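Commentary on secondary and tertiary structure
Chain by chain, the residues run as shown.
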Amino acid sequence: MELPKKISEALFNENALSTMVHGAIDSSKHIISAKPEFFPEYTDHGPNHNTEVLDTALGILTEDALEALSASDYAVLALSVLLHDCGMHLSSDGFVSLIDPRNELRTSADNVTWRTLWDEFILEAKRFDGRKLKSLFGTTDPISDIPDNPDDFTSKHKLLIGEFLRRHHPRLAHEIALFGFPGADGERIKICTTEHGDLPELAGLIARSHGMSMRKACDVVGERFHAREYQRVHPPILMAALRIADFLQIQPERAPKAALKLRKLSSPFSTGEWQVHQSVRNITPADDDPEAIFVDAMPKTVATFLKFRTWAEGFQRELDSTWAALGEVYGRFAAQGFDKYQLRLRRLRTSIDDAEHFAKSVPYLPSKISFEASGPDLLSLLVAPLYGNRPEIGLRELIQNSIDAVIEREHIEGQVPSGDLAGHNADVIVYPVYEGEDLVSVVVEDRGIGMDADVVQNYFLRAGASFRSSSQWKKQFTTPDGKSEVSRTGRFGVGALAGFLIGSTIAVETRRVGHATGLKFAAEIDNEAIEVTECIREIGTKITIHIDSKKNPCIEALLSNSDQQKNWDWYCGSHPRLARVDKSGEEIPAHFTAENTGEWVRVPSSDYANVRWSYRTFKAKPWSNGNAKLYSNNIYITDLTDYGDRVKVFENDISPGISLSTPTILITDKDGRLPLNLQRNGLTERDEKLADQLKLSLTKDLILQAIALAPEVSPFEINAFEKIMTREVVAKFTSISFRNNYREKRSHWCWEDEGWRLADFSNSLQKPFILLIHDQSGLARLKELKVDFSDVSVIWLQLGASPKNANDIQATLREQIYSGYLGRKGAFSSLNVWSSSVVHKVLQGNPTSYMKSIVNDGEEFSPGHVILRKGELKHSVIEGFREALRNDKSEEPFVFSMVAGGNSSGGEDAGLLCSEWSDLLGGVSIPVAFEDRKSAFPGVFEEFGGRIEFIRQNFLKE
C-alpha cells in the first residue's frame, strides 16, 4: 500500500507514528500481495485496493476536516485501511489455527471464540436453501464437512470458508491489530507492536467498524476509549471516511475484463460482483450538486442491475446514517471545533435513478421480477419474545433435553441403568414439590449423560450455544461422514433459559458419564456470577425450578387441571420412558404412545432415520381438536390441518377429484434436517423430498384401501346401494361439479368394466358415458335385462339430507349447463329422468323462470317419469331404464342422469393416483369378490398383504 502525499507529509516529523505505519505496511506486504486463497474469484482486495481506499478516504473529507486532522489521525486512518480487509488473505493453515478450539484469543468486544462462530456457521450452512447454495457454489448440492487437513480442502470447501471469513473479517481485522495475523500451528505474524500504545487497537476498532452500523461502531469504540477524541485521534470521522471510501470502490479496474475472458467463475456470487464492477462506466461529481457524486453505470443484465441498485441504495443509507452519527457525536461541540469533521458527500446520483428513462437504454425490464420462496431464516434467539408467557414451553425444552441426554448415555454405555427415579419407573421425570398446599418448585430429572464444567459454562448457560454443534459432541455421536448416530431434538441452544419460563430461580445438580463427582449451582437470570461447586450424586441431571407467586397459578393449573395437563403432553415415545407426575404423586397419562404396531406405515427415506404415519383415531380427547399431528423425535410439533397459513408437510391433491387426508406423522430426525422454526411449533419451509415421499406412500396406501374396502357386491344386486355407500376410504372427494359447494354425499366408488374403481375424474369416469344415480337405488331394475355397460361409468350421489331435496336437484340440473360437470370439459350432452313426484317437488320449490321452463319442456319417459334433455343422447342403458320403469309400480322418487361427450379430466394432468393405480394394478378395475382380488393382483398381495389385512380388520364399518 502506498501512502498518499498528504499522509506522508503529516508523518514526516512524527518518527514513532511513521515507524508504526511503515512497519505495518512492510510486515503485511507479503500477506496482502498474495492471491486470497479463499477468494480466488473476488474483485481486488490487495495493496492497490487499499491504496485506492485510502486516497478516496482523504478525497471525501472536507478541506476543514483535513486541516483539523492530527498526525495521529492520519497514522490511524492509514493503519485501519491496511487492516480492514487483511483477514480475507488468510491461508488454509491460518484458518485451521484460527478455528482451533485451543485458540482462546479474542478482543474485549467479543465473548465467543472463533470455534464457536465456526460451529454455528456450519450448523447454519447445512440448512442453506437451494438459492443460497446456488449463489455461493453454483450448485444446489448440500455442503460436506470441512476436512481437518487443509491439504484436503476442495474448491467448494474454500468457497464455504470464504463465506465465513467474509462475514467475520471485520472482527479479524481488529484481532490482527492486537494479536497479529494467524499463521500455521497457532503462530501469529505481528503487524503492530505494543510499543505504540493504544493506537493499534484503535486502528483495529476503526477497521472493524466497516462491518457494523456507524452508531454501533461509535458505541463499541466508546466502551474502550473516548468516542469523540482520544490521544489526538478522532475515531468517528475516521470510521466515516473508511466506510464511505470502501463503498466507493466500485470500479471496472477491480474486475478486469481480461480476467473474465480467461476463466469462467464458478461462484455466481463472485460473478455477480465482477459484473457489477464492470457495469460502472464513470464516477464524477454531480454537476448541479456539490455534495453529491454521480455514478454512471450500464448493467448488461437484470441481475447485475439489481445488484448495482442494491449497492446504490446501501450507499445512500450509509451516507445518511454516517451523517446522523457524526451529528450525534460532534454536533453539540462546535465551539471546540468539532464541527469541522465533515464529509464532502451527502448524496448519491446514478444513471439508473430514473427507471423509466433507463429502461429505454437496455433490452430488459429494470425491475425485480422473480419467484419468491420461503425459506427457512434463523433469527437471534430471544426466548421470551419467541415463546411468550407459556411455561409449558419451558417444560418442553427441558423434557426434550433430558430425553436427548438419556439417548446419548445409552449410546455410550450400551444401556441406561434401570431402577426408580424419584419413586417412579422412568428415565425422565417431571414432578411438583409442595410445602403444605403451596407449590414451591417443579423438578425435571433424568438419568442421562449429565454435564461437566465445559458443557455447563459454554453451552447450558450460554443462550444460543448448542453443545450438539460442537466438535466434542460430533466426535462422540457422529459417524465418520458426519451423520448423527443419535436423535438430536434440542438444536437451538435454549439451555437454562427454558427454566426461566417456569420460575425465577433454577437449581441444577448434574454429573457427567466418566466423572467421579458432579456439579451443582443455583442461578437467577440476571446473576453476574454463578458459583458452581462439586457434589456427590448419581450420573444424570436434576433441575429444580423455584416458582414465584406470579407464575404459581399457571404452573399449578398445568400440573393439576386435566385439560391443562394436555398442554404439556409433548412426548409420545415409549423409550426413553417419561413420567409426568401430578400433585397427588400419580402419573399423568400420555395422550398416546407411539408403539411399533401395524397401524403405522413406514416411509422409505434417505434423509431421516425413520418416517411413519397413521390414520389412527386417538382414544383420549386431544388438546387441539383431534387433528392429525406432527412429531419429531417423539416431541409434538404441531397439528396438521388442510387450512390456515402454516407450512404444510405435503400437498394433499393427488388427482382432479381426490385429495389425501392428512395423517399423524412421526419423524426420527437424527441430523436436524427437518426445517423447524425457532418456536418448534411449525416448519419454516416444506422439505420437498420428504413431501414427495409421504405423498407417494399415502397414495399407494389409498390404493391398498381400495383393494381392501371396495364393495363386495355387484350394483345389480338388491339393496346394493347401502353396501356401496358404507364402504369408504380415508380421502376427500371433491364436489362432482367443481362449481357449487352444495351439500352432497357421493359414493367413493365407480363401477367400470365389471369391477370397482375410486370415483375420480382421472382414474375413472373415463368412459364415453357416465351414469349418475341420485337415489338410494342400485341397478337392480336392470338385472334381468341385457344392457351393455362396457362403455359406461356408474357413480352414486345422495344429495342433501334426502334425495327428495328439490333445491339440490335443481342445482344438479343447473350444473349440467356448465363445462366441468363430472369432469367433462367442452360441449357435452346430458339426460335426466325424474319421477313425477320429484318434478312436482321441484316446481313447488320456487324455481327460477329458466329452471321452470326446462322442467315444463320435459317429455314423458315412462308412466310417472319425465325426461329432460340437453343435446342428443342415446344408449341401451336409457332404453333399459325405460322398460324397467314402465313396469315399476313403486311410488318412490327416482332420479338418474346420463352424460356423454366433452373431454375428460384425464391425460397429462391426471395426477399421482392415476399413475400409481396403473403401476400397482395395471390400470384395471378391482373385482367384486375379495378372493378374486388376490388372484388379480398377486404381486400387490405378496408385498402389501399384511397392510391390506390390517385395513380390512380396522377400517371396515360392516
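Residues numbered from 1 in each chain as written. Predicted model: local features only at pLDDT ≥ 70, side-chain atom pairs only at ≥ 80, totals over all residues. Heavy atoms only, no water.

Applied cut-off: UniProt positions are given in the numbering used here, feature names are shortened, and annotations may be inferred rather than shown by experiment.
In the nomenclature of an unreviewed UniProt entry, the chain is known as Histidine kinase/DNA gyrase B/HSP90-like ATPase of Cereibacter johrii. The record held by UniProt for the chain lists under Sequence similarities (unreviewed entry) the comment "Belongs to the heat shock protein 90 family."

**Thoughts on the overall build of the chain**
Going by this rule: Going along the chain from the N terminus, every DSSP run of H or I of four or more residues is numbered as a helix, and every run of E of two or more is numbered as a strand. In this scheme, a residue with accessible area under 20% of its type's maximum is buried, one over 50% is exposed, and one in between is partly exposed, where area comes from a 1.4 Å probe on protein chains only. It only takes one pair of heavy atoms within 4.5 Å for two residues to be counted as in contact. Where accessible areas are quoted, they stem from the Shrake-Rupley method and a 1.4 Å probe; at the residue level, only the protein chains shown are allowed to cover.
Looking only at helices and strands, the chain features 31 helices and 30 strands. Of all 958 residues assigned to the chain, the portion counted as buried reaches 55%. Expressed as a percentage of contacts within the chain between residues at least 6 apart in sequence, the contacts between residues at least 24 apart total 71%. With the model as given, the accessible surface of the chain reaches about 42800 Å², and the carbon-plus-sulfur share is 48%.

**As for the packing of helix 10 (residues 199-208) against helix 11 (residues 214-224)**
What counts here: Axis geometry follows a simple rule: fit a line to the C-alpha atoms, using only the stretch in contact for helices, then measure angles between N-to-C directions, giving values from 0 to 180 degrees. Any angle between 65 and 115 degrees counts as roughly perpendicular, while under 35 counts as roughly parallel, over 145 as roughly antiparallel, and the rest as oblique. The crossing is said to be left-handed when, going from far helix to near helix, the turn is anticlockwise and less than a right angle, and right-handed when the turn is clockwise. The nonpolar class holds Ala, Val, Leu, Ile, Met, Phe, Trp, Tyr, Cys and Pro. Asp, Glu, Lys and Arg form the charged class, and all remaining residues, Gly among them, are polar.
Running from amino to carboxyl end, helix 10 crosses helix 11 at an angle of 160°, the nearest separation of the two axes being 10 Å. Between helix 10 and helix 11, the interaxial angle falls into the category roughly antiparallel. In the crossing of helix 10 with helix 11, the sense of the turn from one axis to the other is right-handed. Residues E201, L202 and L205 of helix 10 touch helix 11, and the partners they reach there are V220, V221 and R224. When grouped by side-chain class, the residues that make up the contact of helix 10 with helix 11 number 4 nonpolar, no polar and 2 charged.

**What to know about the sheet that holds strand 3 (residues 280-285)**
In plain terms, the rule: Criterion used throughout: strands pair if DSSP finds at least two bridges between them.
One open sheet holds the 3 strands; their spatial order is 3-4-5, and the pairing between them is mixed. In the strand order of this sheet, the two ends are held by strand 3 and strand 5 (347-350), each with one partner. With strand direction ignored, the average angle separating the axes of adjacent strands in the sheet is 20°. Two elements, strand 4 (residues 292-297) and strand 5, share 4 bridges in a ladder whose sense is parallel.

**Notes on the packing of aromatic side chains**
What counts is decided by this rule: What counts as a ring pair is set by centres within 6.5 Å for rings of Phe, Tyr and Trp (its six-membered ring), and what kind of pair is set by the plane angle: stacked under 30 degrees, edge-to-face over 60, tilted for all other angles.
For the coordinates displayed, the defined rule picks out 30 aromatic pairs. Look at F861 and F896: their rings are 6.4 Å apart centre to centre, the planes differ by 75°, and that puts the pair in the edge-to-face class. Remark: F896 occurs in strand 30 (residues 895-903) and F861 occurs in strand 28 (residues 859-862); sequence separation between them is 35 residues. Here F861 falls in the buried class, since its relative accessible area comes to 3%. We classify F896 as buried; its relative accessible area is 0%. Ring pairs connect the aromatic residues F38, F95, W114, W118, F121, F153 and F164, which therefore count as one cluster.

**Brief notes about the sheet that holds strand 9 (residues 438-446)**
In space, the 7 strands of this open sheet follow the order 12-11-10-13-9-8-14, with mixed pairing throughout. Every interior strand has two partners, whereas the edge strands, strand 12 (533-535) and strand 14 (578-580), have only one. Adjacent strand axes in the sheet meet at a mean angle of 20° when their direction is disregarded. By the bridge criterion, 8 bridges tie strand 8 (residues 428-435) to strand 9 in an arrangement that is antiparallel. Within the sheet, the bridge partner assigned to E435 lies in strand 9 and is D438. Its contacts with the sheet put helix 18 (residues 391-413) on strand 8, strand 9, strand 13 (540-546) and strand 14, and the angle it makes with strand 9 is roughly 30°.

**So, a nonpolar patch on the surface**
How we decide: Nonpolar side chains (Val, Leu, Ile, Met, Phe, Trp, Tyr) are joined into patches within 5 Å and like charges within 9 Å, using only residues with over 30% relative accessible area and no salt bridge. Here, a salt bridge means any side-chain nitrogen of Lys or Arg that lies within 4 Å of a carboxyl oxygen of Asp or Glu.
On the surface, a cluster of nonpolar side chains totalling about 190 Å² of accessible area is made up of L461, I530 and V532. As for its placement among the helices and strands, V532 is situated in the loop between strand 11 (518-524) and strand 12.

**Description of unusual backbone geometry**
For residues that are not glycine, phi is negative in most cases, and the peptide bond is trans in most cases. With an omega dihedral of -5°, the bond running from H575 to P576 counts as a cis peptide bond. Position of P576 relative to the elements: it lies in the loop between helix 22 (562-565) and strand 14. Even without a glycine there, the phi angle at R232 is positive, about 65°. Along the polypeptide, R232 turns up in the loop between helix 11 and helix 12 (235-247).

**A word on the environment of L136**
Assignment of secondary structure puts L136 in helix 8 (residues 130-137). L136 gets classed as buried once you look at its relative accessible area, which sits at 6%. Residues L136 and K156, 20 residues apart in the sequence, show an inter-C-alpha distance of 8.9 Å.

**Some points on the environment of E63**
Along the chain, E63 turns up in helix 4 (residues 63-68). For the pair E63 and Q342, spaced 279 residues apart in the sequence, the C-alpha separation amounts to 9.1 Å.

**Topic: the pattern of salt bridges**
Tallied over the entire structure, the rule returns 41 salt bridges. The salt bridge partner of K29 is D26, with a shortest N-O separation of 4.0 Å. With a gap of 3 residues between them, K29 and D26 both fall in helix 2 (residues 15-33), about one helical turn apart. Accessibility expressed as a relative area gives 47% for K29, which makes it partly exposed. Note that R106 is salt-bridged to E104, the shortest N-O span being 3.5 Å. A single salt-bridge network, built from bridges that share partners, covers D289, E291, R346, R347 and R349.

**Quick notes on helix 9 (residues 155-179)**
We apply this condition: Helix span is expected to be 1.5 Å times the residue number reduced by one.
Here helix 9 is 25 residues long, yet its end C-alpha atoms lie only 29 Å apart, well below the 36 Å a rise of 1.5 Å per residue gives. For helix 9, a buried count of 19 out of 25 residues is recorded, marking the element as mostly surrounded by other parts of the structure. Looking one or two places after helix 9, you find G180, whose phi comes out positive at around 105°.

**With respect to the pairing of strand 18 (residues 635-640)**
The element strand 18 is extensively covered by neighbouring structure, given that 6 of its 6 residues are classed as buried. Bridge analysis of strand 17 (residues 628-632) against strand 18 gives 5 bridges, and the strand direction is antiparallel. Looking at strand 18, one finds that S632 is bridged to I635. In this structure, the hairpin formed by strand 17 and strand 18 is closed by a connection of 2 residues, where N633 is found at a positive phi of approximately 55°.

**A look at the side chain of R171**
Basically, it comes down to this: Counted as a polar contact is a pair of N or O atoms within 3.5 Å, where, for protein atoms, one must be capable of donating a hydrogen and the other of accepting one, and residues adjacent in sequence contribute only when both atoms are in side chains.
Position of R171 among the secondary structure elements: in helix 9. Here the side chain of R171 touches V112 through a polar contact of 2.9 Å, landing on its backbone oxygen. Filtering out sequence-adjacent residues up to four positions away, R171 remains in contact with L105, R106, D110, V112, T113, W114, L117 and R208.

**Comments concerning the packing of helix 10 against helix 12**
Contact geometry for helix 10 and helix 12: axes closest at 9 Å, N-to-C directions at 45°. Overall, the two elements helix 10 and helix 12 adopt an arrangement that is oblique. Here helix 10 runs over helix 12; the crossing is right-handed. Residue-level inspection shows L202, I206 and A207 of helix 10 in contact with helix 12, the latter providing P235, L238, M239 and L242. Its residues assigned to classes, the contact of helix 10 with helix 12 shows 7 nonpolar, no polar and no charged.

**Some details on the state of the cysteines**
Basically, it comes down to this: Disulfide assignment relies on a single distance test, namely cysteine sulfur atoms paired within 2.5 Å.
Under the criterion given, the structure shown has 0 disulfides. In this structure C86 is not part of a disulfide, and its nearest cysteine sulfur, from C192, lies 9.4 Å away. Residue classification places C86 among the buried positions, given a relative accessible area of 1%.

**Brief notes about the pairing of strand 3**
Sheet topology note: the strand 3/strand 4 ladder contains 5 bridges and is antiparallel. Within strand 4, the residue paired with V280 across the bridge is A297. Between strand 3 and the antiparallel strand that follows it, strand 4, lie 6 residues.

**Notes on the confidence of the model for the chain**
Where we set the bar: Summary of the metric used: pLDDT quantifies the predictor's per-residue confidence within the range 0 to 100.
Scored by pLDDT, the chain has a mean of 82; 85% of the residues are at 70 or more. When pLDDT is averaged over each element of the chain, helix 30 (residues 930-936) comes out on top at 96 and helix 13 (residues 257-262) at the bottom at 36. Here residues 618-625 is modelled with pLDDT under 50, and outside its nearest four sequence neighbours on either side it reaches 19 contacts, counting other chains as well. Every residue in residues 738-743 is under pLDDT 50, and counting partners more than four places away or in other chains gives 23 contacts.

**Some remarks on the environment of H89**
Along the polypeptide, H89 turns up in the loop between helix 5 (71-84) and helix 6 (92-98). Among the residues examined, H89 registers a relative accessible area of 8% and is labelled buried. Residues H89 and I31 lie 58 residues apart in sequence; the distance between their C-alpha atoms is 6.5 Å. Reaching out from H89, the side chain makes a polar contact with the backbone oxygen of A34 at a distance of 3.3 Å.

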